[in-house]
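Next come the chains, spelled out residue by residue.
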Amino acid sequence: MSVLVTGGAGYIGSHVARLLTESGTKVIVVDDLSTGIESRVSGLTSYRIDLAEPSAVAALEALMREHSVDSVIHLAALKRVGDSVENPEKYFNKNLGGQANLLLAMKSAGVKKLVFSSSAAAYGIPDVDLVSEEEAASPINPYGQTKLIGEWMAANAETAWGLRHVNLRYFNAAGAGWDDLADTQVLNLIPIVFEAINNKSKPKVYGSDYNTPDGSCIRDYVHVLDLAQAHIKALDYLEQDKREFNTFNVGTGFGSSVIEVLEQIRETTAINFEYEVVERRAGDPARLIANASRIEKIMGWKAKNSLVEIIDSAWKALS
Ligand code: UFG
């Protein structure tokens, strides 16, 4: 028996793969290595496959049979919001085409358990302080749309051929569980600020005129190791015959503003850098914080790490 982790050489996927391996589960990794890094999965059985290629269906089916794959954790996807607005076809091709191929292979190989890596981007700009899974999903960019449609694809497979699935809607993943698995792409606030510090430039705050206590945007930062742990809980949940829900937020229920993140980074690094407030970035909700009560009640998952541990671990991994 083994678990297939797609995108297992990526930042989040490699944390999931390592946590599973350390708990004694056999892990098979599939990654196209477009953003994944091979050294993150050294020692694991891994295959370089682009899920969106037509040949992927047969290759996946064969490896599922060969390794007696019992469940799939599907993280392989493109994730740059701005890029998705400029190149929507690429996102539909890679994210949805890739997932369709994966589901075809799972159906043929008789693999009936899926944990799907979804996103809070599926909500769009919700008009509530804490977003629960009951909130209408209304994504505002192609990236978020592919995540919501991915949830629908899994739901349809559940109806059609009995796939059991869980959608994990990630909030803002950050930090490092192991130094060698750090987030090396500079796409999100914390890595962007670290890079600015290293370059001795001023990090930018996108807007300080939001309706929040300090005027900057608030997000729910969740430690990547806690996030990885949620996948293990989700696999356990899929073993239950009676499952009330498919979709779960993975966040802490606690928000931090951009300025609070910068202040914590100053404290952790002991570098007294300055920052610059610039115009708002298009499409940013003022606050996006999870109501994380469902996953705690149903799966017994709760984030253990706070913003301090997130920033400490991310900085240590880069130093
Ligand atoms: N920000 C800045 N300066 C920067 C970079 C970001 O002020 O240089 C701000 C953003 O405006 C936002 C916050 O920091 O308010 C966090 O921004 P990120 O780009 O790190 O993350 P987002 O909240 O925009 O998006 C993240 C993921 C998406 C996912 C979304 C779901 O990157 O993939 O969370 O909530 F869809």
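Computed from a predicted structure; not experimentally measured.

Participant: Quick rundown of the sheet that holds strand 12 (residues 247-250)? Include the residues and the values.
Facilitator: If you walk across this open sheet you meet the 7 strands as 3-2-1-4-5-7-12, and the pairing is parallel. Looking at which strands have only one partner, the edges of the open sheet turn out to be strand 3 (45-48) and strand 12. With strand direction ignored, the average angle separating the axes of adjacent strands in the sheet is 20°. Across 4 bridges, strand 2 (residues 27-31) lies against strand 3 in parallel orientation. For Val-29, the partnering residue across the bridge sits in strand 3 and is Ser-46. Against the sheet, helix 1 (residues 11-22) contacts strand 1 (2-6), strand 2, strand 4 (69-74) and strand 7 (164-170), and its axis sits at roughly 165° relative to strand 2.

Participant: Break down the pattern of salt bridges for me, with residues and values.
Facilitator: All told, the structure shown has 17 salt bridges when counted by the stated rule. When the shortest N-O distance is used, the salt bridge between Lys-94 and Asp-50 registers 2.6 Å. Of this pair, Lys-94 sits in helix 4 (residues 88-109) while Asp-50 sits in the loop between strand 3 and helix 2 (56-66), and the two are 44 residues apart along the sequence. Taking relative accessible area as the criterion, Lys-94 reaches 29% and is therefore assigned partly exposed. Residue class for Asp-50 comes out buried when judged on its relative accessible area of 19%. One salt bridge connects Arg-243 with Glu-158, and the closest N-O pair in it is separated by 3.8 Å. Pair noted here: Arg-243 is in the loop between helix 7 (224-238) and strand 12 and Glu-158 is in helix 5 (residues 142-161), with a separation of 85 residues, a long-range link.

Participant: Talk me through the site of the ligand; I want residue IDs and the actual numbers.
Facilitator: Neighbouring residues of the ligand: 19 residues in total, closest Asn-188, Lys-204, Arg-219, Arg-281 and Asp-284. Here an oxygen atom of the ligand sits 2.7 Å away from a polar atom, N or O, in the side chain of Asn-188. For the shell around the ligand, the elements supplying multiple residues, two or more each, are helix 6 (189-198) and strand 9 (204-206). Here the shell around the ligand takes 3 residues from strand 9, the largest share from any one element. Each residue belonging to the shell around the ligand can be placed in one class, and the counts come to 11 nonpolar, 3 polar and 5 charged. Each of domain 1 (2-173 + 222-250) and domain 2 (174-220 + 252-318) contributes no fewer than three residues to the shell around the ligand.

What counts, and where the lines are drawn
Residues numbered from 1 in each chain as written. Predicted model: local features only at pLDDT ≥ 70, side-chain atom pairs only at ≥ 80, totals over all residues. Heavy atoms only, no water. Pairing = 2+ DSSP bridges. Helix = DSSP H or I, 4+ residues; strand = E, 2+ residues; numbered from the N terminus. Axes fitted to C-alpha atoms, helices over the stretch in contact; angles between N-to-C directions. Contact = heavy atoms within 4.5 Å. Salt bridge = Lys/Arg side-chain N within 4 Å of Asp/Glu carboxyl O. Buried < 20%, exposed > 50% of the residue type's maximum accessible area, 1.4 Å probe, protein only. Near = heavy atom within 4 Å. Polar contact = N/O pair within 3.5 Å; in protein donor to acceptor, adjacent residues only side chain to side chain. Nonpolar A, V, L, I, M, F, W, Y, C, P; charged D, E, K, R; others polar. Domains from an automatic or database assignment.

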